[in-house]
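Geometric and topological summary
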Amino acid sequence: MPVHDVKVAVIYYSSTGTIADLARRIADAAEHAGADVRLRRAAELAPQTAIDANPAWAANAAATADIMEATHEDMLWADAVIFGTPTRFGNVSSQLKQYIDTLGGLWHQGRLADKIYSGFTASATRHGGQESTLLALYQTVHHFGGILVTPGYTDPAKFTDGNPYGTSHVGGPDTPPDDDARTAARIQAERVVKFTKAVKHGLSLAS
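Structure report, in brief.

Here is what the cut-offs are and how they apply
Position numbers for residues start from 1 in each chain and track the written sequence from start to end. Reporting in this predicted model follows two pLDDT cut-offs: at least 70 for local features of residues, and 80 or more for side-chain atom pairs to be given and counted; totals over whole chains, interfaces and linings ignore these cut-offs and use all residues. The side-chain figures draw on all heavy atoms in the structure; neither hydrogens nor water molecules are used. Strands here mean DSSP runs of E at least two residues long; helices mean DSSP runs of H or I at least four residues long; both are numbered from the N terminus. We take the radius of gyration over the C-alpha atoms and set the globule estimate at 2.2 Å times the residue count to the 0.38 power. Each residue is placed in one exposure class: buried if its accessible area under a 1.4 Å probe, protein chains only, is under 20% of its type's maximum, exposed if it is over 50%, and partly exposed if it falls in between. Residue contacts are counted whenever heavy atoms from the two residues lie within 4.5 Å of one another. Per-residue accessibility takes into account occlusion by the displayed protein chains alone, with areas from the Shrake-Rupley method and a 1.4 Å probe. Charged-residue counts in this description rest on Lys and Arg as positive and Asp and Glu as negative, His and the chain ends being excluded. Each charge is placed at NZ for Lys, CZ for Arg, CG for Asp and CD for Glu. Nine residue types can take part in a nonpolar core, namely buried Ala, Val, Leu, Ile, Met, Phe, Trp, Tyr and Cys, and a core is a set of them joined through side-chain atoms within 4.5 Å. The arc under discussion is defined with respect to the helix axis, by the directions toward the C-beta atoms. Pairing of aromatic rings covers Phe, Tyr and the six-membered ring of Trp, with a centre-to-centre limit of 6.5 Å; geometry is then stacked below 30 degrees between planes, edge-to-face above 60, and tilted otherwise.

1. With respect to the overall build of the protein
- Secondary structure summary: the protein contains nine helices and six strands in total.
- In terms of overall dimensions, the protein is globule-like: its C-alpha atoms have a radius of gyration of 16 Å, near the 17 Å expected for 207 residues.
- Expressed along its principal axes, the backbone C-alpha trace of the protein runs to roughly 55 × 40 × 30 Å.
- The 207 residues of the protein split such that 47% are buried.
- Within the protein, contacts between residues separated by at least 24 positions form 79% of all contacts whose residues are at least 6 apart in sequence.
- Working note: accessible area of the protein is about 9800 Å², and carbon and sulfur atoms make up 54% of it.
- For the protein, the separation between the mean place of its 18 positive charges and that of its 22 negative charges on side chains is 4 Å.

Given below as structure tokens:
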């Protein structure tokens, strides 16, 4: 099959920049693995006063202003979607959830089924809801009729970062993704691309 034979959309929300950093790394790794990639951010819902009150939040908003906001067309375009969200009380951020909640029409038409899905997250503290956030995100994949591809413990490095559900990082603006998180991002992106190619090729043979 051609080198760039699958399309991967990395759709994320980030307030102070950690998830934005991971999103770029996952997008770069997916492209290096042989995918056409779209990096997209969920629209901000917070008031400007709240953003301006947090220097890291304001800085990330300015730094990522050139990244296009996610639309429904990005979901239709993609063979695989990798969602990224910080933890919000152990759950998906309202900004990403709002984007997902607008996809009801596409879901009803069956146009979100049979795609590969995966997710990544971050929290400010260890055990700050990373696993529950990813599990909550993955409930949506089941409703879509999507195919969930997680990293599992499929690479020795996963026994170091310890999260089989998806890439995660403990930190904030002053503690950007470390070597473990960067390695986990690469492993997850490569695995998503690998199985997206397999599924897309297999479905073309079956149709």
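More follows now that the structure is in view.
2. Digging into the nonpolar core
- V8, V10, Y12, I26, L39 and F120 are the most contacted members of the largest nonpolar core, which totals 26 residues.
- Counting only elements with at least two residues in this core, the list comes to strand 1 (6-12), helix 1 (18-32), strand 2 (35-41), strand 3 (80-86), strand 4 (116-123) and helix 9 (179-206).
- In terms of residues, this core owes the most to one element, helix 1, which gives eight residues.
- Within the second largest apolar cluster, 25 residues are counted, among which are I11, W77, F83 and I100.

3. Some points on helix 5 (residues 94-101)
- Along helix 5, the residues that are buried comprise Q95, L96, Y99 and I100. For helix 5, the arc enclosing every buried residue in end-on projection is 135°, short of the 170-degree limit, so these residues lie on one face.
- At its buried positions, helix 5 is contacted by strand 1, helix 4 (72-77), strand 3 and helix 7 (130-144).

4. A word on the environment of T125
- Positionally, T125 belongs in the loop between strand 4 and helix 7.
- Residue T125 is classed as partly exposed on the basis of its relative accessible area, which comes to 48%.
- For the pair T125 and V170, spaced 45 residues apart in sequence, the C-alpha to C-alpha distance is 5.7 Å.

5. Regarding the packing of aromatic side chains
- One pass over the structure, following the stated rule, counts three aromatic pairs.
- Judged by centre distance (6.3 Å) and plane angle (15°), the rings of F83 and Y117 are stacked. Taken together, the residues F83 in strand 3 and Y117 in strand 4 connect sequence positions 34 residues apart. No difference in accessibility class separates F83 from Y117, as the two residues are buried.
- Judged by centre distance (5.0 Å) and plane angle (25°), the ring pair of Y153 and F159 falls under stacked.

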